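Chain by chain, the residues run as shown.
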Amino acid sequence: MVKINPDRLLSDLRTLRTFGTYKTGVHRPTYSDIDMQSRRWLVERMTDAGLTATIDGIGNVIGRSPAPGPKLLLGSHVETQPHGGWLDGAMGVIFAIEMARAVAEDPALQDCGVDAAAWADEEGHYMSFIGSRSFIGDVTEAEIDGVESKHDGTPLRDALASAGLAGLPRAVLEADRYLGFLEAHIEQGPTLESMAQKIGVVTSIVGTWQYEIIAEGIQNHAGTTAMSLRRDAGRALIKLAHAIDQHFPEIAAERSVWTVGGLRLEPGAPAIVPGLARMLFQFRDADPRQLARFAAAFDDLVAAVAADDPCSITAKQLSASTPSLMHPGFQDALSAAAEQHVPGLHQRMPSGAGHDAQILANVMPTGMMFIPSIGGISHHWSEDSDEADIVIGGQVLATAVGDILAKGRA
Ligand code: GLV
Ligand code: MN
Ligand code: MN
(Lines give C-alpha, C1' and ligand atoms only; values in the text may rest on other atoms or scores of the structure.)
(Ligands and ions follow the chains in the order given, each with its own letter.)
Protein backbone atom coordinates (compact mmCIF):
# COMPACT_ATOMS: atom_id res chain seq x y z
CA MET A 1 0.00 0.00 0.00
CA VAL A 2 1.27 3.52 -0.80
CA LYS A 3 1.93 5.25 2.53
CA ILE A 4 1.97 8.99 3.04
CA ASN A 5 4.20 10.76 5.55
CA PRO A 6 1.65 12.85 7.54
CA ASP A 7 4.24 15.15 9.15
CA ARG A 8 5.87 15.95 5.80
CA LEU A 9 2.48 16.61 4.20
CA LEU A 10 1.26 18.88 7.02
CA SER A 11 4.57 20.71 7.20
CA ASP A 12 4.42 21.62 3.47
CA LEU A 13 0.80 22.67 3.80
CA ARG A 14 1.62 24.92 6.76
CA THR A 15 4.54 26.49 4.86
CA LEU A 16 2.34 27.23 1.83
CA ARG A 17 -0.05 29.00 4.21
CA THR A 18 2.68 31.53 5.05
CA PHE A 19 2.69 32.93 1.48
CA GLY A 20 0.15 35.74 1.85
CA THR A 21 -1.19 35.08 5.35
CA TYR A 22 -4.37 37.07 6.05
CA LYS A 23 -5.79 36.53 9.57
CA THR A 24 -6.07 32.72 9.70
CA GLY A 25 -6.50 32.52 5.92
CA VAL A 26 -4.55 33.63 2.86
CA HIS A 27 -4.70 36.48 0.33
CA ARG A 28 -2.80 35.26 -2.76
CA PRO A 29 -4.27 36.63 -6.01
CA THR A 30 -3.03 35.05 -9.25
CA TYR A 31 0.28 36.48 -10.59
CA SER A 32 0.79 38.76 -7.56
CA ASP A 33 4.32 38.81 -6.14
CA ILE A 34 3.32 36.54 -3.28
CA ASP A 35 1.58 34.13 -5.65
CA MET A 36 4.71 33.91 -7.80
CA GLN A 37 6.85 33.37 -4.69
CA SER A 38 4.61 30.45 -3.73
CA ARG A 39 4.92 29.00 -7.25
CA ARG A 40 8.72 29.20 -7.10
CA TRP A 41 8.64 27.49 -3.70
CA LEU A 42 6.48 24.74 -5.23
CA VAL A 43 9.12 24.21 -7.93
CA GLU A 44 11.63 23.60 -5.12
CA ARG A 45 9.32 21.17 -3.29
CA MET A 46 8.57 19.28 -6.52
CA THR A 47 12.26 19.10 -7.40
CA ASP A 48 13.00 17.82 -3.92
CA ALA A 49 10.33 15.15 -4.53
CA GLY A 50 12.30 13.90 -7.54
CA LEU A 51 10.17 15.62 -10.20
CA THR A 52 11.40 17.82 -13.04
CA ALA A 53 9.52 21.01 -12.28
CA THR A 54 8.90 24.20 -14.25
CA ILE A 55 6.57 27.20 -14.32
CA ASP A 56 5.03 27.58 -17.77
CA GLY A 57 3.97 30.66 -19.73
CA ILE A 58 0.53 30.88 -18.10
CA GLY A 59 1.80 30.21 -14.55
CA ASN A 60 1.13 26.49 -14.25
CA VAL A 61 3.67 24.73 -12.03
CA ILE A 62 4.14 21.21 -13.34
CA GLY A 63 6.46 18.53 -11.95
CA ARG A 64 7.11 15.49 -14.12
CA SER A 65 8.10 12.09 -12.83
CA PRO A 66 11.01 10.21 -14.44
CA ALA A 67 9.23 6.85 -13.94
CA PRO A 68 9.04 4.82 -17.16
CA GLY A 69 5.75 3.05 -16.40
CA PRO A 70 2.12 4.03 -15.71
CA LYS A 71 1.61 7.58 -14.47
CA LEU A 72 -1.16 9.65 -12.94
CA LEU A 73 -1.46 13.44 -13.00
CA LEU A 74 -2.59 15.03 -9.72
CA GLY A 75 -3.09 18.63 -8.69
CA SER A 76 -5.27 21.63 -7.98
CA HIS A 77 -4.66 25.41 -7.83
CA VAL A 78 -2.48 27.55 -5.61
CA GLU A 79 -3.91 31.09 -5.84
CA THR A 80 -6.69 31.96 -3.41
CA GLN A 81 -9.86 34.00 -3.50
CA PRO A 82 -9.43 37.55 -2.09
CA HIS A 83 -8.96 37.07 1.67
CA GLY A 84 -9.68 33.39 1.11
CA GLY A 85 -8.90 30.19 2.93
CA TRP A 86 -5.61 28.32 3.35
CA LEU A 87 -6.81 24.95 2.01
CA ASP A 88 -8.91 25.72 -1.09
CA GLY A 89 -6.64 24.45 -3.87
CA ALA A 90 -3.50 24.40 -1.71
CA MET A 91 -4.40 21.06 -0.13
CA GLY A 92 -4.79 19.36 -3.52
CA VAL A 93 -1.43 20.68 -4.71
CA ILE A 94 0.43 19.52 -1.60
CA PHE A 95 -1.38 16.17 -1.75
CA ALA A 96 -0.13 15.81 -5.34
CA ILE A 97 3.48 16.37 -4.24
CA GLU A 98 3.07 13.98 -1.31
CA MET A 99 1.61 11.33 -3.67
CA ALA A 100 4.65 11.72 -5.96
CA ARG A 101 6.95 11.18 -2.97
CA ALA A 102 4.93 8.31 -1.49
CA VAL A 103 4.72 6.42 -4.81
CA ALA A 104 8.47 6.90 -5.37
CA GLU A 105 9.09 5.39 -1.92
CA ASP A 106 6.84 2.36 -2.49
CA PRO A 107 8.99 -0.66 -3.42
CA ALA A 108 6.05 -2.24 -5.28
CA LEU A 109 5.56 0.74 -7.60
CA GLN A 110 9.10 1.64 -8.68
CA ASP A 111 8.16 1.75 -12.36
CA CYS A 112 5.12 4.00 -11.69
CA GLY A 113 4.93 7.76 -11.14
CA VAL A 114 2.85 10.77 -10.22
CA ASP A 115 3.16 14.15 -11.97
CA ALA A 116 2.07 17.12 -9.80
CA ALA A 117 0.41 20.32 -11.04
CA ALA A 118 -0.61 23.68 -9.59
CA TRP A 119 -2.92 25.11 -12.26
CA ALA A 120 -3.04 28.89 -12.75
CA ASP A 121 -6.05 31.04 -11.93
CA GLU A 122 -8.70 28.45 -11.19
CA GLU A 123 -10.15 31.17 -8.95
CA GLY A 124 -10.65 33.48 -11.93
CA HIS A 125 -8.89 36.69 -10.90
CA TYR A 126 -8.38 36.99 -14.67
CA MET A 127 -10.10 34.00 -16.27
CA SER A 128 -11.34 30.95 -14.36
CA PHE A 129 -9.43 27.72 -15.19
CA ILE A 130 -7.09 29.43 -17.66
CA GLY A 131 -4.15 27.25 -16.54
CA SER A 132 -5.83 23.86 -16.83
CA ARG A 133 -7.60 24.97 -20.05
CA SER A 134 -4.26 26.04 -21.49
CA PHE A 135 -2.80 22.61 -20.61
CA ILE A 136 -5.50 20.78 -22.56
CA GLY A 137 -4.97 23.08 -25.57
CA ASP A 138 -8.15 25.09 -25.11
CA VAL A 139 -6.68 28.63 -24.87
CA THR A 140 -5.50 30.65 -27.89
CA GLU A 141 -3.02 33.54 -27.79
CA ALA A 142 -5.88 35.77 -28.99
CA GLU A 143 -7.96 34.81 -25.94
CA ILE A 144 -5.07 35.75 -23.64
CA ASP A 145 -4.84 39.12 -25.46
CA GLY A 146 -8.47 39.86 -24.56
CA VAL A 147 -8.47 38.96 -20.84
CA GLU A 148 -8.14 41.48 -18.03
CA SER A 149 -8.24 41.46 -14.23
CA LYS A 150 -11.76 41.34 -12.78
CA HIS A 151 -10.53 43.58 -9.94
CA ASP A 152 -8.70 46.45 -11.64
CA GLY A 153 -8.75 45.85 -15.40
CA THR A 154 -5.01 45.02 -15.69
CA PRO A 155 -4.51 43.21 -19.01
CA LEU A 156 -3.52 39.57 -18.52
CA ARG A 157 -0.54 40.15 -20.85
CA ASP A 158 0.78 42.86 -18.49
CA ALA A 159 0.25 40.62 -15.45
CA LEU A 160 2.14 37.76 -17.15
CA ALA A 161 4.99 40.13 -18.03
CA SER A 162 5.22 41.51 -14.47
CA ALA A 163 5.23 37.95 -13.15
CA GLY A 164 8.21 37.13 -15.41
CA LEU A 165 6.19 34.71 -17.53
CA ALA A 166 6.02 36.58 -20.86
CA GLY A 167 7.42 34.53 -23.71
CA LEU A 168 7.70 31.28 -21.76
CA PRO A 169 6.17 28.24 -23.49
CA ARG A 170 2.82 26.98 -22.26
CA ALA A 171 2.86 23.31 -21.18
CA VAL A 172 0.59 21.04 -23.19
CA LEU A 173 -0.71 17.61 -22.37
CA GLU A 174 1.42 14.85 -23.82
CA ALA A 175 -0.87 12.29 -25.46
CA ASP A 176 -1.03 8.93 -23.66
CA ARG A 177 1.25 9.97 -20.78
CA TYR A 178 -1.40 9.50 -18.08
CA LEU A 179 -3.87 6.93 -16.84
CA GLY A 180 -5.90 9.92 -15.69
CA PHE A 181 -6.16 12.95 -13.38
CA LEU A 182 -7.07 13.08 -9.67
CA GLU A 183 -7.81 16.15 -7.54
CA ALA A 184 -8.26 16.26 -3.77
CA HIS A 185 -10.07 19.23 -2.25
CA ILE A 186 -11.88 20.40 0.83
CA GLU A 187 -15.65 20.04 0.44
CA GLN A 188 -16.32 23.79 0.91
CA GLY A 189 -19.84 22.95 2.10
CA PRO A 190 -21.50 21.35 5.16
CA THR A 191 -22.58 17.92 3.87
CA LEU A 192 -19.76 15.67 5.11
CA GLU A 193 -19.49 17.37 8.50
CA SER A 194 -23.24 17.29 9.08
CA MET A 195 -23.35 13.57 8.31
CA ALA A 196 -20.20 12.86 10.37
CA GLN A 197 -18.46 11.47 7.29
CA LYS A 198 -14.78 11.71 6.38
CA ILE A 199 -14.59 11.35 2.60
CA GLY A 200 -16.73 12.54 -0.30
CA VAL A 201 -16.27 10.82 -3.64
CA VAL A 202 -17.30 13.31 -6.29
CA THR A 203 -19.76 12.14 -8.94
CA SER A 204 -20.16 15.36 -10.98
CA ILE A 205 -19.03 18.99 -10.98
CA VAL A 206 -21.30 21.94 -11.72
CA GLY A 207 -20.94 24.32 -14.63
CA THR A 208 -20.63 28.02 -13.72
CA TRP A 209 -21.61 30.86 -16.06
CA GLN A 210 -20.44 34.36 -15.13
CA TYR A 211 -21.45 37.80 -16.37
CA GLU A 212 -20.44 41.43 -16.03
CA ILE A 213 -23.32 43.89 -16.33
CA ILE A 214 -22.69 47.60 -16.82
CA ALA A 215 -25.32 50.32 -16.43
CA GLU A 216 -24.57 53.82 -17.68
CA GLY A 217 -26.62 56.74 -16.41
CA ILE A 218 -25.86 60.35 -15.51
CA GLN A 219 -23.94 61.35 -12.37
CA ASN A 220 -25.64 64.23 -10.58
CA HIS A 221 -26.44 65.90 -7.25
CA ALA A 222 -28.47 63.63 -4.94
CA GLY A 223 -30.32 66.58 -3.36
CA THR A 224 -31.33 68.63 -6.37
CA THR A 225 -32.06 65.97 -8.98
CA ALA A 226 -35.76 65.06 -8.85
CA MET A 227 -36.52 61.36 -8.78
CA SER A 228 -38.35 61.58 -12.09
CA LEU A 229 -35.32 63.16 -13.80
CA ARG A 230 -32.66 60.75 -12.58
CA ARG A 231 -30.66 58.33 -14.68
CA ASP A 232 -29.44 56.33 -11.70
CA ALA A 233 -27.12 53.53 -12.80
CA GLY A 234 -27.09 51.98 -9.31
CA ARG A 235 -30.84 51.73 -9.15
CA ALA A 236 -30.94 50.12 -12.61
CA LEU A 237 -28.69 47.25 -11.53
CA ILE A 238 -30.40 46.82 -8.18
CA LYS A 239 -33.67 46.45 -10.11
CA LEU A 240 -32.01 43.80 -12.26
CA ALA A 241 -30.67 41.91 -9.23
CA HIS A 242 -34.15 41.99 -7.69
CA ALA A 243 -35.79 40.79 -10.92
CA ILE A 244 -33.34 37.85 -11.08
CA ASP A 245 -34.13 36.91 -7.49
CA GLN A 246 -37.87 37.06 -8.20
CA HIS A 247 -37.77 35.03 -11.39
CA PHE A 248 -34.95 32.45 -10.99
CA PRO A 249 -36.69 30.41 -8.21
CA GLU A 250 -39.55 29.78 -10.67
CA ILE A 251 -37.23 28.08 -13.16
CA ALA A 252 -34.52 26.69 -10.84
CA ALA A 253 -33.67 22.99 -10.42
CA GLU A 254 -33.11 21.46 -6.97
CA ARG A 255 -29.40 22.30 -6.69
CA SER A 256 -29.31 25.45 -8.83
CA VAL A 257 -27.62 28.47 -7.25
CA TRP A 258 -27.08 32.08 -8.36
CA THR A 259 -25.11 34.95 -6.85
CA VAL A 260 -24.61 38.67 -7.32
CA GLY A 261 -21.00 38.61 -6.12
CA GLY A 262 -20.02 42.18 -6.98
CA LEU A 263 -21.80 45.51 -7.20
CA ARG A 264 -19.87 48.75 -7.62
CA LEU A 265 -21.41 52.19 -7.91
CA GLU A 266 -19.42 55.10 -9.34
CA PRO A 267 -18.29 57.34 -7.87
CA GLY A 268 -19.81 55.73 -4.75
CA ALA A 269 -20.78 58.57 -2.41
CA PRO A 270 -24.06 59.10 -0.53
CA ALA A 271 -24.67 62.56 -2.01
CA ILE A 272 -24.17 61.52 -5.64
CA VAL A 273 -26.60 59.80 -8.01
CA PRO A 274 -24.32 57.09 -9.50
CA GLY A 275 -23.53 57.60 -13.15
CA LEU A 276 -22.03 54.18 -13.64
CA ALA A 277 -22.65 50.80 -12.01
CA ARG A 278 -21.08 47.39 -12.49
CA MET A 279 -22.43 44.07 -11.29
CA LEU A 280 -20.81 40.63 -11.32
CA PHE A 281 -23.27 37.76 -11.50
CA GLN A 282 -23.01 33.99 -11.77
CA PHE A 283 -25.26 30.91 -11.75
CA ARG A 284 -24.42 27.22 -11.41
CA ASP A 285 -25.97 23.86 -12.14
CA ALA A 286 -24.79 20.37 -13.06
CA ASP A 287 -27.25 20.15 -15.99
CA PRO A 288 -26.27 22.00 -19.20
CA ARG A 289 -29.98 22.40 -20.11
CA GLN A 290 -30.59 24.23 -16.82
CA LEU A 291 -27.63 26.53 -17.50
CA ALA A 292 -29.08 27.33 -20.93
CA ARG A 293 -32.50 27.98 -19.34
CA PHE A 294 -30.94 30.43 -16.87
CA ALA A 295 -28.94 32.13 -19.62
CA ALA A 296 -32.05 32.73 -21.72
CA ALA A 297 -33.99 34.03 -18.70
CA PHE A 298 -31.11 36.30 -17.73
CA ASP A 299 -30.95 37.81 -21.24
CA ASP A 300 -34.72 38.43 -21.12
CA LEU A 301 -34.50 40.09 -17.70
CA VAL A 302 -31.66 42.37 -18.82
CA ALA A 303 -33.71 43.37 -21.87
CA ALA A 304 -36.85 43.95 -19.76
CA VAL A 305 -35.09 46.10 -17.14
CA ALA A 306 -33.24 48.05 -19.86
CA ALA A 307 -36.50 48.71 -21.71
CA ASP A 308 -38.07 50.15 -18.56
CA ASP A 309 -35.11 52.22 -17.29
CA PRO A 310 -33.54 55.46 -18.56
CA CYS A 311 -30.01 54.00 -18.19
CA SER A 312 -28.34 51.88 -20.82
CA ILE A 313 -27.59 48.35 -19.62
CA THR A 314 -25.18 45.93 -21.28
CA ALA A 315 -24.27 42.40 -20.20
CA LYS A 316 -21.14 40.49 -21.21
CA GLN A 317 -20.55 36.80 -20.51
CA LEU A 318 -17.20 36.41 -18.75
CA SER A 319 -16.98 32.63 -18.64
CA ALA A 320 -19.11 29.53 -19.11
CA SER A 321 -17.67 26.29 -17.75
CA THR A 322 -19.27 23.01 -18.68
CA PRO A 323 -20.49 20.57 -16.02
CA SER A 324 -18.73 17.21 -16.03
CA LEU A 325 -19.06 13.67 -14.76
CA MET A 326 -16.27 11.95 -12.85
CA HIS A 327 -14.92 8.63 -14.16
CA PRO A 328 -16.86 5.65 -12.69
CA GLY A 329 -13.70 3.51 -12.29
CA PHE A 330 -11.91 6.32 -10.39
CA GLN A 331 -15.01 6.80 -8.20
CA ASP A 332 -14.87 3.08 -7.39
CA ALA A 333 -11.15 3.23 -6.56
CA LEU A 334 -11.68 6.21 -4.22
CA SER A 335 -14.71 4.59 -2.54
CA ALA A 336 -12.80 1.32 -2.03
CA ALA A 337 -9.84 3.20 -0.53
CA ALA A 338 -12.19 5.16 1.75
CA GLU A 339 -13.92 1.93 2.83
CA GLN A 340 -10.51 0.48 3.74
CA HIS A 341 -9.47 3.43 5.93
CA VAL A 342 -12.78 4.85 7.22
CA PRO A 343 -15.37 2.07 6.78
CA GLY A 344 -18.90 3.42 6.34
CA LEU A 345 -17.76 7.04 6.70
CA HIS A 346 -17.75 8.07 3.05
CA GLN A 347 -20.33 8.94 0.44
CA ARG A 348 -20.66 9.84 -3.22
CA MET A 349 -21.75 13.42 -3.84
CA PRO A 350 -21.89 16.12 -6.53
CA SER A 351 -19.64 19.18 -6.30
CA GLY A 352 -21.31 22.59 -6.19
CA ALA A 353 -17.92 24.27 -6.49
CA GLY A 354 -15.96 24.41 -9.71
CA HIS A 355 -12.62 22.59 -9.97
CA ASP A 356 -9.82 22.10 -12.48
CA ALA A 357 -10.91 18.44 -12.54
CA GLN A 358 -13.89 19.45 -14.70
CA ILE A 359 -11.47 20.77 -17.33
CA LEU A 360 -9.17 17.73 -17.25
CA ALA A 361 -12.24 15.46 -17.46
CA ASN A 362 -12.62 16.60 -21.08
CA VAL A 363 -9.44 14.79 -22.07
CA MET A 364 -8.80 11.90 -19.66
CA PRO A 365 -10.40 9.76 -16.94
CA THR A 366 -10.74 12.08 -13.93
CA GLY A 367 -11.67 11.62 -10.29
CA MET A 368 -12.13 13.88 -7.32
CA MET A 369 -12.20 13.44 -3.56
CA PHE A 370 -13.38 15.73 -0.72
CA ILE A 371 -12.55 15.96 2.97
CA PRO A 372 -14.86 17.78 5.46
CA SER A 373 -14.82 21.57 5.85
CA ILE A 374 -15.37 22.87 9.38
CA GLY A 375 -18.75 24.60 9.48
CA GLY A 376 -19.00 24.28 5.69
CA ILE A 377 -17.14 27.61 5.33
CA SER A 378 -14.98 28.42 2.31
CA HIS A 379 -14.02 31.43 0.15
CA HIS A 380 -13.48 33.13 3.50
CA TRP A 381 -10.29 33.45 5.54
CA SER A 382 -11.77 31.36 8.38
CA GLU A 383 -12.03 28.26 6.14
CA ASP A 384 -10.50 25.26 7.91
CA SER A 385 -10.42 21.48 8.23
CA ASP A 386 -9.22 19.20 11.03
CA GLU A 387 -5.63 18.13 10.52
CA ALA A 388 -6.70 14.56 11.34
CA ASP A 389 -9.17 14.72 8.44
CA ILE A 390 -6.48 16.08 6.13
CA VAL A 391 -4.26 13.12 7.01
CA ILE A 392 -7.11 10.62 6.50
CA GLY A 393 -7.81 12.22 3.10
CA GLY A 394 -4.15 11.98 2.13
CA GLN A 395 -3.98 8.31 3.01
CA VAL A 396 -7.24 7.48 1.21
CA LEU A 397 -5.98 9.25 -1.90
CA ALA A 398 -2.62 7.44 -1.70
CA THR A 399 -4.35 4.06 -1.51
CA ALA A 400 -6.53 4.89 -4.52
CA VAL A 401 -3.48 6.18 -6.44
CA GLY A 402 -1.57 2.96 -5.70
CA ASP A 403 -4.54 0.85 -6.78
CA ILE A 404 -5.05 2.74 -10.07
CA LEU A 405 -1.32 2.68 -10.91
CA ALA A 406 -0.98 -1.06 -10.17
CA LYS A 407 -4.02 -1.82 -12.34
CA GLY A 408 -2.60 0.49 -15.04
CA ARG A 409 0.22 -1.97 -15.64
CA ALA A 410 -2.18 -4.55 -17.00
C1 GLV B 1 -14.22 27.73 -7.32
O2 GLV B 1 -13.48 28.23 -6.50
C3 GLV B 1 -15.59 28.07 -7.38
O4 GLV B 1 -15.91 29.26 -7.23
O5 GLV B 1 -16.40 27.16 -7.51
MN1 MN C 1 -12.15 28.39 -4.63
MN1 MN D 1 -10.59 25.30 -5.22
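Procedures and definitions
- Residues numbered from 1 in each chain as written.
- Chains lettered and ligands numbered in written order.
- Predicted model: local features only at pLDDT ≥ 70, side-chain atom pairs only at ≥ 80, totals over all residues.
- Heavy atoms only, no water.
- Buried < 20%, exposed > 50% of the residue type's maximum accessible area, 1.4 Å probe, protein only.
- Helix = DSSP H or I, 4+ residues; strand = E, 2+ residues; numbered from the N terminus.
- Pairing = 2+ DSSP bridges.
- Right-handed = clockwise from strand over helix to strand, strands pointing away.
- Donors = N, O, S within 2.8 Å, 3.2 Å for Na, K, Ca; no water.
- Axes fitted to C-alpha atoms, helices over the stretch in contact; angles between N-to-C directions.
- Parallel < 35°, antiparallel > 145°, perpendicular 65-115°, else oblique.
- Left-handed = near helix turned anticlockwise from the far one by under 90°.
- Contact = heavy atoms within 4.5 Å.

**Here's the deal with the pairing of strand β6 (residues 113-119)**
Argument step 1. Most of β6 sits inside the fold, with seven of its seven residues counted as buried.
Argument step 2. Of the two faces of β6, the one carrying Gly113, Asp115, Ala117 and Trp119 and the one carrying Val114, Ala116 and Ala118 are both buried.
Argument step 3. Pairing analysis gives three bridges linking strand β4 (residues 61-64) to β6, with the strands arranged antiparallel. The residue of β6 that forms the bridge with Gly63 is Ala116.
Argument step 4. The sheet contact formed by strand β5 (residues 71-77) and β6 spans seven bridges and is parallel. Residue pairing across strands places Leu72 opposite Val114, the latter belonging to β6.
Argument step 5. Handedness of the β-α-β unit built from β5, helix α3 (residues 90-104) and β6 comes out right-handed.

**A few points about the coordination of the manganese ion (ligand 3)**
Each angle at a metal carrying four tetrahedral donors should ideally be 109.5 degrees, and each at a metal carrying six octahedral donors should ideally be 90 or 180 degrees.
Argument step 1. Summarising the metal site, the manganese ion (ligand 3) is bound by the protein donors His77 (NE2), Asp88 (OD) and His185 (NE2), whose distances to it range over 2.0 to 2.2 Å.
Argument step 2. One chain supplies every donor to the manganese ion (ligand 3), and in sequence these donors are spaced H-x10-D-x96-H.
Argument step 3. The manganese ion (ligand 2) is placed at 3.5 Å from the manganese ion (ligand 3), the two being bridged by Asp88. Here the residue His77 occupies a position in strand β5, and Asp88 occupies one in the loop between β5 and α3, the gap between them amounting to 11 residues.
Argument step 4. For His77, a relative accessible area of 1% translates into the label buried.

**Considering the packing of helix α1 (residues 6-17) against helix α2 (residues 33-48)**
Argument step 1. At a closest axis distance of 11 Å, the pairing of α1 and α2 adopts a crossing angle of 160 degrees. Between α1 and α2, the interaxial angle falls into the category roughly antiparallel. Relative to α2, α1 is oriented so that their crossing is right-handed. Counting all contacts with α1, which are made through Asp12, Thr15 and Leu16, the residues of α2 involved are Ser38, Trp41 and Arg45.

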